[in-house]
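# Overview (structure and organization)
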Amino acid sequence: MIVGRFCLIWVIFLLLSPGPGLAAPQTGVIEGSLSYPSEFIPDDMTICAENQATKKIYCTNKHLKARKYRYEVGYKLTVPPGDYHVYAQLPDPARYGATYPKDYRAYYSEFVKCGMSVECQDHTPIVVQVKSGETAKGIDPQDWYN
């Protein structure tokens, strides 16, 4: 009787456990379009996501070229599940004639969500929730005007 129960428990465990190569994803993806207040998007622009609980920062400087992105340049950033503020940053803004400091961040903010017009006054960064195995799309760190 005990052996039968053990076998039944073992079968249930095997059915509920992911098989080899099928482990549940432990990361999610943030994806969006890039922009810059100029006629080009700097090649050295870095896109980062700061976890709001741990304050750990994840970054990429790999730009993706595709028609699906506004201005045909975007990014994808793989991060652990959590809540993030997403921003773009330049390592040397003066190289492009900008007068803001090196630590200046162009966030995905309410200003971006509003349409980036003069009527949009709120520059508060938006918290982006990333879930395991999912992609948060349309996260465009384009608030160069905050």
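For the structure, see preceding data.
What you see is a predicted model, and the numbers here were worked out from it, not measured in a lab. (Residues numbered from 1 in each chain as written. Predicted model: local features only at pLDDT ≥ 70, side-chain atom pairs only at ≥ 80, totals over all residues. Heavy atoms only, no water.)

Turning next to the packing of aromatic side chains. All told, the structure shown has 10 aromatic pairs when counted by the stated rule. Relative to Phe 40, the ring of Tyr 36 lies with its centre 6.2 Å away and its plane at 40°, an arrangement referred to as tilted. Residue class for Phe 40 comes out partly exposed when judged on its relative accessible area of 37%. Between Tyr 58 and Tyr 84, the aromatic rings sit 6.2 Å apart at their centres with planes inclined by 70°, giving edge-to-face as the arrangement. One end of the pair, Tyr 58, is in strand S3 (residues 57-60); the other, Tyr 84, is in strand S6 (residues 82-89), with 26 residues separating them in the sequence. Each member of the pair, Tyr 58 together with Tyr 84, is buried. (Phe/Tyr/Trp six-rings, centres within 6.5 Å; stacked < 30°, edge-to-face > 60°. Buried < 20%, exposed > 50% of the residue type's maximum accessible area, 1.4 Å probe, protein only. Helix = DSSP H or I, 4+ residues; strand = E, 2+ residues; numbered from the N terminus.)

Where charged atoms of side chains with opposite charge meet at close range, the side chains can pair. With the rule as written, the count across this model stands at three salt bridges. Across the salt bridge formed by Asp 44 and Arg 95, the nearest N and O atoms sit 3.2 Å from each other. Placement of the pair is Asp 44 in the loop between strand S1 (28-33) and strand S2 (46-51) and Arg 95 in the loop between S6 and strand S7 (106-107), with a sequence separation of 51 residues. For Asp 44, a relative accessible area of 18% corresponds to the buried category. With a closest N to O distance of 3.6 Å, Arg 105 and Glu 50 form a salt bridge. On the criterion of sequence distance, the pair formed by Arg 105 in the loop between S6 and S7 and Glu 50 in strand S2 is long-range, its members being 55 residues apart. Among the residues examined, Glu 50 registers a relative accessible area of 15% and is labelled buried. (Salt bridge = Lys/Arg side-chain N within 4 Å of Asp/Glu carboxyl O.)

Now for the state of the cysteines. Enumeration according to the criterion identifies two disulfides in this entry. Bridging Cys 48 to Cys 59, the disulfide has an S-S length of 2.1 Å. Between Cys 48 and Cys 59, the disulfide has an S-S torsion of 110° and is therefore right-handed. Linking Cys 48 in strand S2 with Cys 59 in strand S3, this pair joins segments that are 11 residues apart in sequence. Exposure remark for Cys 48: the relative accessible area of 2% places this residue in the buried category. Since its relative accessible area comes to 44%, Cys 59 is described here as partly exposed. (Disulfide = S-S within 2.5 Å.)

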